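# Summary of the model geometry
The chain contents come next:
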Amino acid sequence: MMKKALSLLLVGAMTLSLAACGSNSDDSAATDSTTAEESTTTEASDSEGSGEAVFRIGGIGPTTGSAAVYGTAVERGAQIAVDEINAAGGINGYQIEFNFQDDENDAERSVNAYNTLKDWGMQILMGTVTSTPCVAVVENTHEDNMFQITPSGTAVECIQYPNAYRMCFSDPNQGTESAKYIGENGLASTVAVIYDSSDVYSTGIYEAFAEEAANQGIEIVNVAAFTADNNTDFSVQVQQARDAGAELLFMPFYYTEASLVLAECNSQGYEPIFFGCDGMDGILAVENFDTALAEDLMYLAPFVATSEDEQVQSFVTAYQEAYDEVPNQFAADAYDSIYVIKAALEGAGATPDMSVSDLCDAMTAAMADVTYSGVTGKDITWGEDGEPNKAPLVLQIKDGVAVEL
């Protein structure tokens with residue numbers, strides 16, 4: 001917080017200066033992932049022969065492995081934004097060069113990807129996509145004082161330093177809002193929870209949910225955990241929830257495991273209300289999963305592709321034309337993240353010749369005045385803690401499509 005306060009003093013001086021000088025197993029979701037070269041847009045040497053510098057924005061996330069649906073969507077959503085911005089003249093008259101690296105949802109690989117991007121010349125990081133890798137990488141961006149915005153890293157620790165921001169909701173926010181929605185809408189009075197105790201994302205949501213559930217008069221009748229090493233057989237956890245008589249099953253984890261839980265519930269004849277968080281987005285695309293089992297599943301999300309909002313429909317159309325599929329919330333978060341970077345760079349009056357650290361200081365100062373309306377929310381602002389201030393959505397799967405409640 002001190003760094004951000006100091007940045008407010010530094011940005012004025014820099015503005016005057018600028019004015020004077022001008023889970024790691026492979027999965028079938030890992031399809032159509034592009035190489036770094038393919039995802040890189042306008043090169044500095046290709047700027048229509050102008051020889052001008054470019055803003056180099058890096059991205060990190062899983063485009064192979066079990067979480068590939070998330071990373072691929074983020075890469076594609078960001079690319080749509082980059083292409084739009086470049087076509088419209090860039091940022092402060094400069095084009096963007098974008099380079100996205102695969103980390104397979106692995107912390108060590110994510111740090112390696114960060115170092116690869118640094119060698120490439122990255123000035124700003126849009127990433128990482130998942131929480132555990134993001135917590136590892138933010139240590140590096142903090143040390144380098146590089147501006148970072150994660151589109152979808154929800155763990156509190158993802159943005160624990162003044163250089164880091166978030167586009168999505170945090171884990172505590174998701175847990176708290178889920179309990180409030182269940183309680184205020186009278187969905188259930190008895191709830192069972194299954195969560196991944198080896199994952200900061202899942203654990204953080206569960207802990208916040210449990211705290212708020214007490215305020216909502218919700219009784220948690222059973223809590224069962226699993227880990228990344230034991231995430232394929234949920235027969236015991238489901239049986240415990242069923243035997244406890246839980247009216248609602250809260251599932252704060254990702255869609256791959258959720259598809260297995262839903263299948264197991266069906267096998268045991270257990271039919272509770274199902275409620276999850278943003279990690280559910282992607283469950284309808286799981287290979288060999290009977291999507292009818294997800295009917296009526298509810299989950300928190302910041303984006304719904306069926307919205308009639310003009311910005312949303314423009315983005316959905318562009319995404320479908322480019323990739324022949326409907327974008328999910330991860331694509332939308334990434335799309336907005338690139339535009340937030342643009343807003344911060346413009347607010348700072350930044351140019352590509354600034355050092356990474358100077359860019360970060362200028363952008364963090366500018367973020368105090370950014371109010372952004374995009375496809376994941378309107379009039380979004382950020383506090384000094386890097387958290388976005390925006391309203392959540394609750395979606396429900398109806399007839400095989402996620403719709404806003």
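All of these numbers come straight from a predicted model, not from anything done at the bench. (Residues numbered from 1 in each chain as written. Predicted model: local features only at pLDDT ≥ 70, side-chain atom pairs only at ≥ 80, totals over all residues. Heavy atoms only, no water.)

Moving on, we get to the sheet that holds strand 6 (residues 190–196). Ordered by their spatial adjacency, seven strands build an open sheet running 7-6-8-9-10-13-14, and the pairing between neighbours is mixed. The open sheet has two edge strands with one neighbour each: strand 7 (219–226) and strand 14 (401–404). Averaged over all pairs of adjacent strands, the angle between strand axes in this sheet comes to 25°, irrespective of strand direction. The pairing of strand 13 (residues 393–398) with strand 14 spans four bridges and is classified as antiparallel. Bridge pairing in strand 14 links Leu395 to Glu404. (Pairing = 2+ DSSP bridges. Helix = DSSP H or I, 4+ residues; strand = E, 2+ residues; numbered from the N terminus. Axes fitted to C-alpha atoms, helices over the stretch in contact; angles between N-to-C directions.)

The next thing to look at is the sheet that holds strand 2 (residues 96–102). Spatially, the five strands line up as an open sheet ordered 2-1-3-4-5, and their pairing is parallel. The outermost strands of the open sheet, each flanked by one partner alone, are strand 2 and strand 5 (164–166). Between one strand axis and the next, the sheet turns through 20° on average, direction left out of account. Relative to strand 5, strand 4 (residues 147–150) is paired through three bridges, and the arrangement is parallel. Each bridged residue has a counterpart across the sheet, and for Thr150 the counterpart in strand 5 is Arg166. Sheet contacts for helix 11 (residues 329–348): strand 1 (55–61), strand 3 (124–127) and strand 4; angle to strand 3, the most-contacted strand, approximately 155°. Helix 12 (residues 356–367) rests against strand 1, strand 3, strand 4 and strand 5 of the sheet, and its axis sits at about 55° to strand 4. (Contact = heavy atoms within 4.5 Å.)

The next subject is empty space enclosed by the protein. Size it by volume and the largest cavity reaches roughly 50 Å³. Taken together, Tyr70, Val129, Thr130, Ser131, Ser152, Thr154, Tyr201, Tyr254, Asp278 and Phe330 make up the lining of the largest cavity. Within the lining of the largest cavity, the residues separate by chemical class into five nonpolar, four polar and one charged. (1 Å grid on protein atoms, 1.4 Å probe; cavity = no way out; pocket = protein on both sides within 12 Å on 5 of 7 lines; lining within 4 Å. Points joined across faces, edges and corners; volume = space filled by probe spheres on them. Nonpolar A, V, L, I, M, F, W, Y, C, P; charged D, E, K, R; others polar.)

Pairing of strand 1 with strand 3, which is carried by four bridges, proceeds in the parallel orientation. Paired with Gly58 across the bridge in strand 3 is Leu125. Summarising the sheet, strand 3 and strand 4 pair through three bridges and their orientation is parallel. Bridging across to strand 4, Ile124 finds its partner in Phe147. Read from strand 3 through helix 5 (residues 131–144) to strand 4, the crossover connection turns out right-handed. (Right-handed = clockwise from strand over helix to strand, strands pointing away.)

Okay, the environment of Glu387 next. Turning to its location among the elements, Glu387 is positioned in the loop between strand 11 (381–382) and strand 12 (388–389). Assessed through its relative accessible area of 17%, Glu387 is described here as buried. For the pair Glu387 and Tyr165, spaced 222 residues apart in the sequence, the C-alpha separation amounts to 6.3 Å. (Buried < 20%, exposed > 50% of the residue type's maximum accessible area, 1.4 Å probe, protein only.)

Our next topic: the pattern of salt bridges. Side chains carrying opposite charge are able to pair once their charged atoms draw close together. Applying the stated rule across the entire model yields 10 salt bridges. Residue Arg166 is joined to Glu387 by a salt bridge in which the shortest nitrogen-to-oxygen separation is 2.7 Å. A residue pair is termed long-range when its members are at least 10 positions apart, and Arg166 in strand 5 and Glu387 in the loop between strand 11 and strand 12 qualify at 221 residues. Exposure class is identical for Arg166 and Glu387. Each is buried. The residue Glu346 makes a salt bridge to Lys342 at a minimum N-O spacing of 2.8 Å. Of the two residues, Glu346 and Lys342 both sit in helix 11, four residues apart, roughly one turn of that helix. We classify Glu346 as partly exposed; its relative accessible area is 36%. Among the charged side chains, a salt-bridge network with shared partners connects Glu104, Asp106 and Arg109. (Salt bridge = Lys/Arg side-chain N within 4 Å of Asp/Glu carboxyl O.)

Attention now moves to the nonpolar core. Membership of the largest hydrophobic core comes to 104 residues, with the highest contact counts inside it found for Met126 and Ile341. Of all the elements, helix 11 adds the most residues to this core, at 12 residues. If you look at the next biggest cluster of nonpolar residues, it comprises nine residues, including Ala113, Tyr114, Trp120 and Leu125. (Core = buried A, V, L, I, M, F, W, Y, C linked by side-chain atoms within 4.5 Å.)

Right, let's get into helix 10 (residues 310–323). Its 14 residues give helix 10 an end-to-end C-alpha distance of 20 Å, which sits within 8% of 20 Å, the value for a rise of 1.5 Å per residue. Residues of helix 10 that are buried include every one of Val312, Phe315, Val316 and Tyr319, and no others. Taken end-on, helix 10 shows its buried residues confined to a sector of 100°, consistent with a single buried face. Of the residues in helix 10, the exposed ones pointing more than 90 degrees away from the buried face are Glu310 and Glu321. Where helix 10 is buried, its residues contact helix 3 (68–87) and helix 11. The N-terminus of helix 10 is capped by Asp309, whose side-chain oxygen sits 3.0 Å from the backbone nitrogen of Gln311. Following helix 10 by one or two positions, Asp324 has its phi on the positive side, about 60°. (Expected span 1.5 Å × (residues − 1). Arc of directions from axis to C-beta. Polar contact = N/O pair within 3.5 Å; in protein donor to acceptor, adjacent residues only side chain to side chain.)

This next bit is on the side chain of Ser131. Considering the arrangement of structural elements, one finds Ser131 in helix 5. Residue Ser131 is classed as buried on the basis of its relative accessible area, which comes to 1%. Of the polar contacts made by the side chain of Ser131, one reaches the backbone nitrogen of Ala155; its length is 3.1 Å. Ignoring sequence-local partners within four residues, the contact set of Ser131 consists of Gly153, Thr154, Ala155, Cys158, Val200, Tyr201 and Tyr254.

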